[in-house]
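Here are the chains, one letter per residue:
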Amino acid sequence: MAARRSTPTDTGLSLALAVVGSSAAPLVLLDGDATVVAASLSFFGAFKIASFDAIGRPLFELGAGEWDVPQLRALIKATAAGTAEVDAYEIDLKGGSKPRHLVVNVHKLDYGDPGRARLLLSVADVTDARAAAKLKDDLLREKAILLQEVQHRVANSLQIIASVILQSARKVQSDETRSYLTDAHNRVMSVATLQRQLASSRLGEVPLREYFEQLCGSIGASMIPDHKQLTLDVTADDTAVPAEVSVGLGLVVTELVINALKHAFPDGRAGKIVVTYQSHTPNWALSVRDDGVGMPRDVASATPGLGTSIVTALANQLGARVDVADGKPGTVVSLTHTQLAMVGAEAQSATAIA
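Residues numbered from 1 in each chain as written. Predicted model: local features only at pLDDT ≥ 70, side-chain atom pairs only at ≥ 80, totals over all residues. Heavy atoms only, no water.

### A few points about the sheet that holds strand E4 (residues 100-108)
Whenever strands of a sheet pair, they do so through backbone hydrogen bonds, lying parallel or antiparallel.
No. 1: Strand order in this open sheet of five strands is E2-E1-E5-E4-E3, and the pairing throughout is antiparallel. The open sheet has two edge strands, strand E2 (36-39) and strand E3 (86-93), and neither has a second partner. The mean inter-strand angle of the sheet, taken between neighbouring strand axes irrespective of direction, is 25°.
No. 2: In terms of strand pairing, E3 meets E4 through six bridges, oriented antiparallel. Counterpart to Glu 90 in the pairing with E4 is Val 103. (Pairing = 2+ DSSP bridges. Helix = DSSP H or I, 4+ residues; strand = E, 2+ residues; numbered from the N terminus. Axes fitted to C-alpha atoms, helices over the stretch in contact; angles between N-to-C directions.)

### A few points about the nonpolar core
No. 1: Phe 212, Val 275, Tyr 277, Leu 286 and Leu 335 are the most contacted members of the largest nonpolar core, which has 40 residues in total.
No. 2: When contributions to this core are tallied by element, the ones reaching two or more residues are helix H7 (208-223), strand E7 (230-236), helix H8 (243-263), strand E9 (271-280), strand E10 (283-290), helix H9 (306-318), strand E11 (321-326) and strand E12 (331-337).
No. 3: At nine residues, the largest contribution of residues to this core is made by H8.
No. 4: In this structure, Leu 335 is in contact with Val 252, Leu 256, Trp 284, Ala 285, Leu 286, Val 311, Ala 315, Ala 320, Arg 321 and Val 322, ignoring residues within four places of it in sequence.
No. 5: Counting residues in each nonpolar core, the second largest holds 27 residues, with Leu 30, Ala 39, Leu 102 and Val 123 among its members. (Core = buried A, V, L, I, M, F, W, Y, C linked by side-chain atoms within 4.5 Å. Buried < 20%, exposed > 50% of the residue type's maximum accessible area, 1.4 Å probe, protein only. Contact = heavy atoms within 4.5 Å.)

### A look at the side chain of Asp 237
No. 1: Mapped onto the elements of the fold, Asp 237 is located in the loop between E7 and strand E8 (240-242).
No. 2: Here Asp 237 is buried and forms no salt bridge, its nearest opposite-charge partner Arg 209 lying at an N-O distance of 6.5 Å.
No. 3: Within the structure, Asp 237 has its side chain in polar contact with the side chain of Thr 239 (distance 2.6 Å).
No. 4: Residues in contact with Asp 237, not counting those within four places in the same chain, are Arg 209, Tyr 277, Gln 278 and Ser 279. (Lys, Arg positive; Asp, Glu negative; His and termini not counted. Salt bridge = Lys/Arg side-chain N within 4 Å of Asp/Glu carboxyl O. Polar contact = N/O pair within 3.5 Å; in protein donor to acceptor, adjacent residues only side chain to side chain.)

### Description of the packing of aromatic side chains
No. 1: What the rule picks out here adds up to seven aromatic pairs.
No. 2: Between Phe 43 and Trp 67 the ring centres are 5.7 Å apart and the planes differ by 45°, which places this aromatic pair in the tilted class. Of this pair, Phe 43 sits in helix H2 (residues 41-46) while Trp 67 sits in the loop between helix H3 (51-54) and helix H4 (70-80), and the two are 24 residues apart along the sequence.
No. 3: Aromatic ring contacts, followed pair by pair, group Phe 43, Phe 44, Phe 47 and Trp 67 into a single cluster. (Phe/Tyr/Trp six-rings, centres within 6.5 Å; stacked < 30°, edge-to-face > 60°.)

### Re unusual backbone geometry
No. 1: Cis geometry marks the peptide bond from Thr 281 to Pro 282; its omega dihedral reads 5°.
No. 2: Structurally, the position occupied by Pro 282 is in the loop between E9 and E10.
No. 3: Lys 328 connects to Pro 329 through a cis peptide bond whose omega is 10°.
No. 4: Within the secondary structure, Pro 329 is located in the loop between E11 and E12.
No. 5: Positive phi, normally seen in glycine, also occurs at Ala 88, with a value near 55°.
No. 6: Look at Ala 88 and you get partly exposed, because its relative accessible area is 47%.
No. 7: Its identity as a non-glycine residue notwithstanding, Lys 328 has a phi of 45°, on the positive side.
No. 8: Secondary-structure assignment places Lys 328 in the loop between E11 and E12.

### Details of the sheet that holds E9
No. 1: The five strands lie next to each other as E7-E9-E10-E12-E11, forming an open sheet whose pairing is mixed. Edge strands, defined here as strands with exactly one partner in the open sheet, are E7 and E11. Recorded for the sheet is a direction-independent mean angle of 10° between the axes of neighbouring strands.
No. 2: The pairing of E7 with E9 spans seven bridges and is parallel. Each residue of the ladder has a partner; that of Asp 233, found in E9, is Val 274.
No. 3: Set on the sheet, H7 makes contact with E7, E9 and E10; between it and E7 the angle comes to about 170°.
No. 4: With respect to the sheet, H8 is in contact with E7, E9, E10 and E12, its orientation differing from that of E10 by roughly 20°.

### Structural notes on the confidence of the model for the protein
No. 1: Per-chain confidence: the protein averages 80 in pLDDT, with 80% of residues scoring 70 or above.
No. 2: Segment residues 299-303: pLDDT under 50, and six contacts once partners within four positions in sequence are set aside and those in other chains are kept. (pLDDT = per-residue confidence, 0-100.)

### What about the environment of Leu 335?
No. 1: Tracing the sequence through the fold places Leu 335 in strand E12.
No. 2: C-alpha of Leu 335 to C-alpha of Arg 321: the two residues are 14 residues apart in sequence and 5.4 Å apart in space.

### Topic: H7
No. 1: Its 16 residues give H7 an end-to-end C-alpha distance of 22 Å, which sits within 8% of 22 Å, the value for a rise of 1.5 Å per residue.
No. 2: Within H7 the residues assigned to the buried category are Leu 208, Tyr 211, Phe 212, Leu 215, Cys 216, Ser 218, Ile 219, Gly 220 and Met 223. (Expected span 1.5 Å × (residues − 1).)

### Overview of the pairing of E12
Where a strand is regular, its side chains alternate between the two sheet faces.
No. 1: E12 sits mainly inside the fold: seven of its seven residues count as buried.
No. 2: Alternating positions in E12 separate into two faces, Thr 331, Val 333, Leu 335 and His 337 on one and Val 332, Ser 334 and Thr 336 on the other, with burial throughout.
No. 3: Across seven bridges, E10 lies against E12 in antiparallel orientation. Its bridge partner lying in E12, Ser 287 is registered against Ser 334.
No. 4: Across six bridges, E11 lies against E12 in antiparallel orientation. Each bridged residue has a counterpart across the sheet, and for Ala 325 the counterpart in E12 is Val 332.
No. 5: Adjacent in sequence and paired antiparallel, E11 and E12 are bridged by four residues, among which Lys 328 carries a positive phi angle near 45°.

Okay, here's the thing in C-alpha cells:
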C-alpha cells in the first residue's frame with residue numbers, strides 16, 4: 001500500500017503546531033469554534049492549566065471559566081469569520097488569587113485550507129507593568145503637589161522678609177541705607193510674585209500676559225505713589241512658555257522696570273512705562289520702554305550697576321541679545337532671541353541699566 005503523501009495543508013498545520021509548542025511566549029492555537037488545538041508550555045505554566053485538560057476543549061471553559069469574556073468571545077468569532085482581527089485587546093482575567101491584566105492578540109492563519117479555520121492567540125501579562133506605571137504616575141502627582149506647596153511657602157516667606165526689610169528702611173536715618181533697603185524690598189517682592197505665579201501655573205506652561213501683568217502690578221503697588229501721574233502697562237501676545245523660561249523673563253522685567261522707576265522720572269516727573277512681549281516661535285522679543293528723561297549724554301562714562309549685571313546674565317541664559325536705544329523720548333531696553341543668536345554669547349549693553 002502506497003504511503004500517504006503529505007499535502008501543503010498538513011505541512012502548514014504541522015509547522016503551526018511546532019511553532020506554538022516551542023514558543024517561549026504564551027500562545028494558543030484554536031479552531032474556528034475557539035477549541036484549543038495546541039498551546040505552548042509557557043501558556044499552561046503561566047495560567048496554571050493542565051495540558052491534558054485543555055486540548056480539545058473550548059478556550060472559554062479553561063480554568064474556572066475566567067476566559068469566558070463576552071467581548072473576547074465576540075472578537076474571536078468575528079476573526080474566525082474573517083471580518084475582524086484582535087490586536088492588543090485588553091482584558092481582566094479575574095480567576096485566581098488576584099485579577100490579571102492581559103493584552104490579547106488573535107489572528108487567523110492562512111495555510112491552504114479555507115474550510116478549516118485556525119486562529120493563533122497570543123497573550124501578554126502586563127499586570128506588573130501597569131501597576132508600576134500607576135505607581136509612577138501617583139508618585140509624580142504627589143511630587144507635583146508637594147512642589148506647589150513648597151512654592152507657596154517660599155512665596156509667603158519672601159513676602160514676610162520683604163515686610164521686615166521695608167520696616168527697617170523706614171526706621172533708618174541714612175538716605176543711602178534707606179535706598180539700598182528699599183531696592184532690596186522691591187526685588188524680594190518681585191521674586192515673591194514670581195514664585196506665587198509659578199505655583200498657580202501648576203508646573204506647566206505659564207501664560208506670559210497674565211504673568212507680566214501680575215508682576216508689574218506688584219512692582220507698581222510698592223514703588224509708584226501716584227498711579228495717575230505714573231503708569232505701568234503690559235502689552236503681550238498669548239504666548240505661554242515653560243516655567244523655567246518664565247522665571248528668567250520675569251526677573252528681566254523686574255530689573256528693567258525697577259531701573260526705569262528709579263532713574264527715568266526724577267523730581268516727580270510724570271510718564272509711563274510699557275512692557276512689551278511678542279513671539280514668533282521660536283523667536284521672541286521683550287522690551288521695556290519709558291518716556292522719561294532718556295539716556296545720559298555721556299554713555300561711555302556710565303558705570304554698570306547691579307541691574308546691568310543681572311540682566312546681562314539672564315540674557316545669556318535665555319540666549320538673547322540686549323539692546324539699549326533712545327526712545328525719543330525716554331529709553332527702550334530690549335531682549336531679542338532669534339535662531340541665529342548664540343546661547344551663552346556675551347550680551348552687550350550700550351549703557352548702564354542701573
